[in-house]
Amino acid sequence: MVQQADPARSNTAFENWVLKEGLSITQQQMVEDVYTARLEPWERTGVDAPLLDLTANPPQDGSLLVNQGTSRYLCEIPPGGTYRAERHMYEEIFYVLSGRGATTVWYEGSPRQTFEWTEGSIFSIPLNTWHELYNASGEQPVRLYAMFTAPMVFNIYGNEKFIFNSEATFPDRFDPYDETYFNGKSVKLKERLTKTNFVANVRTMALDDFSFRGPGTNMMAIMANGHFITHVSEFPGQTYKKAHTAGGGVRVKSGLTSEVAYLFLNGEGYDLQWGFEVQPAPGVPFERMDYKAGTLLTPGDGYHQHFNATPDPIRYLVLRFGNPFLVGSAGREPPQIEFGDEDPAVWEVFVDELAKRGLEPRMDEFRKSGA
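Residues numbered from 1 in each chain as written. Predicted model: local features only at pLDDT ≥ 70, side-chain atom pairs only at ≥ 80, totals over all residues. Heavy atoms only, no water.

A closer look at a nonpolar patch on the surface
Where nonpolar side chains cluster on the molecular surface, the patch consists of V187, L189, F321, F325, L326 and V327 and spans about 520 Å² of accessible area. Looking at the nonpolar patch, the elements that each hand over two or more residues are β14 (186-190) and α4 (324-327). The biggest single contributor to the nonpolar patch is α4, with 3 residues. By the element assignment, L189 lies in strand β14. Looking at L189, the relative accessible area reads 35%, which means it is partly exposed. (Patch = residues over 30% accessible without salt bridge, like charges linked within 9 Å, V, L, I, M, F, W, Y side chains within 5 Å. Areas by Shrake-Rupley, 256 points an atom, 1.4 Å probe, with all protein chains shown as cover. Salt bridge = Lys/Arg side-chain N within 4 Å of Asp/Glu carboxyl O. Helix = DSSP H or I, 4+ residues; strand = E, 2+ residues; numbered from the N terminus. Buried < 20%, exposed > 50% of the residue type's maximum accessible area, 1.4 Å probe, protein only.)

Written out as C-alpha cells, the structure is:
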C-alpha cells in the first residue's frame, strides 16, 4: 500500500516527476516474485512498469517515497516492441529477467552501437547516451529489472529539460568508436572486483572465494565506468551467512535515502532481520522472511542474515550504487556477527527448517572455528 502524499508538504522534484509520469508505485519490503509482479502502463516509455520503493519502514513524515537517492523498477517490453529511445543525466543498470532483445546506444552524430542480450544478462547505460531497447520476440514480452539514480539527479537539479535534453557527452565513460565496448570483455582489478560493460549471463559469472562472510563466493563488477556495481554472491546448500549490516544503515534524512536489495536467482531459503540500531545477541528478537527464486528483498535498516534451506548453492544478485573509485569506500567491510557470538536461537531455527526437508546442516567447519 502506497502512502498518499501530504498536501501540506511540498513534494521533492523526483516525487513530482513520478506523479507526472503516472508511474505506479510498489511500496513494500519484499517483492515475492519479480517474474509475476503486476505491472501498469508507463505511457511515455512504451513499457509497463511499477516503481519499486523498497522499504521496511514506510514514510512517516508525509513523504510520497522513501528512497530518493537511488530507486528501482520492473518493466516489460511488449512482443515486437521497444523501450523508447531517450537520454538522461542519471545512471541506469538493467538485469534481464526473461526474454531476449538488443540495445542500441549512441551520441548525437556518432556511430550507433547495438548489442544483444538474453535472460541473465546485465548491462548499464553509459551516462547521457541515447539508448533504445528492443524486444527480439514477436510473441513473448521481455521483462527487465532496473536500478537508476533518477531520484538523486532530479532532487539535485530539479529541471526535467536539463536531465533529458542535455547535449553533454562523457568520453571518459563511453567511446562510441570502440566496437568492443559491449562485447563482454572484463578487466580484473583485484580479488572480487572486475570492470566491465556487459555481463552475458550472471548465472555463469565466475566468482572468487570469500570466507569473511561465511561459506561462499563473491564477485563485484563496475559497470559502464559509472557508479553502479553488479554484486553477485553464492553460498552452498544447507549453510548460512553471518549476520551483517548493509553498511552502516540506510536511514538518511537528507532526501537521498537509498536501499540495498537482494534478488535471489535460484533455490529457497529465508532471511533473519533485526531492527534499526538493534545489535543481534542471545534473546534479542528477530524477524524471519522466506524467499525463493525471483524474490527481491531489502534487508531493512539493520542486521540481516541469509540461509540456504536446499542442498544446492544459492546465487543472488545485488545491483547497487558503490563504485569504490567514485565513492571512496574501497576496503571497508560492514559490521557482522561472528558465528561464535550469534544467538543460539539462530542455529535452532536453521536446524528445524532443514529437518522439515529431511536435511542436516553443513556448517561444522565454520561453527567449530567460531569465525
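Resuming the write-up.
Overview of empty space enclosed by the protein
Summed over all chains, the structure comprises 1 cavity of 30 Å³ or more. Taken together, the residues of the lining of the largest cavity sort by class into 6 nonpolar, 1 polar and 2 charged. (1 Å grid on protein atoms, 1.4 Å probe; cavity = no way out; pocket = protein on both sides within 12 Å on 5 of 7 lines; lining within 4 Å. Points joined across faces, edges and corners; volume = space filled by probe spheres on them. Nonpolar A, V, L, I, M, F, W, Y, C, P; charged D, E, K, R; others polar.)

Concerning the environment of F198
Structurally, F198 can be placed in strand β16 (residues 198-199). A relative accessible area of 9% places F198 in the buried class. In this view, F198 contacts F115, E116, W117, S121, I122, F123, F182, G184 and M223; residues no more than four positions away in its chain are not counted. (Contact = heavy atoms within 4.5 Å.)

Section: the packing of helix α1 (residues 13-21) against helix α2 (residues 150-157)
If you want to describe how two helices pack, look at the angle between their axes and the distance between the axes. Put simply, α1 and α2 touch, their axes get as near as 7 Å, and they point 115 degrees apart. As judged from the angle between their axes, α1 and α2 are roughly perpendicular. Residues A13, F14 and W17 of α1 lie in contact with α2, whose contacting residues are A150, P151, F154 and N155. Tallied by class, the residues present in the contact of α1 with α2 amount to 6 nonpolar, 1 polar and no charged. (Axes fitted to C-alpha atoms, helices over the stretch in contact; angles between N-to-C directions. Parallel < 35°, antiparallel > 145°, perpendicular 65-115°, else oblique.)

Quick look at the packing of aromatic side chains
What describes a pair of aromatic rings is the distance from one ring centre to the other and the angle between the planes of the rings. Counting across every chain of the model gives 39 aromatic pairs. Between F14 and F154, the ring centres sit 6.4 Å apart and the planes meet at 50 degrees, which makes this aromatic pair tilted. With F14 in helix α1 and F154 in helix α2, this residue pair connects regions lying 140 residues apart in the sequence. This pair shows no difference in class: F14 is buried, exactly as F154 is. A ring pair is formed by F174 and Y181, whose centres lie 4.9 Å apart and whose planes are at 85 degrees; its orientation type is edge-to-face. For the pair shown, F174 and Y181 are each scored as buried. We note R192 situated over the ring of F210; from NZ or CZ to the ring centre the distance is 3.7 Å. Directly above the ring of Y270 sits R288, whose terminal nitrogen or CZ lies 4.2 Å from the centroid. (Phe/Tyr/Trp six-rings, centres within 6.5 Å; stacked < 30°, edge-to-face > 60°. Lys NZ or Arg CZ within 6 Å of the ring centre and 35° of its normal.)

A look at the confidence of the model for the chain
Confidence along the chain averages 92 in pLDDT terms, with 92% of residues attaining 70 or more. This model gives residues 248-255 a pLDDT under 50, and the stretch forms 13 contacts once residues within four places in sequence are excluded. (pLDDT = per-residue confidence, 0-100.)

What to know about the sheet that holds strand β21 (residues 268-273)
Strands pair in a sheet through their backbones, by hydrogen bonds, and they do so in one of two ways: parallel or antiparallel. Strand order in the open sheet formed by 3 strands is β22-β21-β24, with antiparallel pairing between adjacent strands. Two strands lie at the open edges of the sheet, namely β22 (287-292) and β24 (304-308), each paired on one side alone. Averaged over all adjacent pairs, the angle separating strand axes in this sheet is 25 degrees, with direction ignored. Taken together, the 5 bridges between β21 and β24 define a ladder with antiparallel strand orientation. Bridging from a neighbouring strand, Y270 pairs with F307 of β24. In the packing of helix α5 (residues 344-356) onto the sheet, contacts are made with β21, β22 and β24, and the angle to β24 comes to roughly 25 degrees. (Pairing = 2+ DSSP bridges.)

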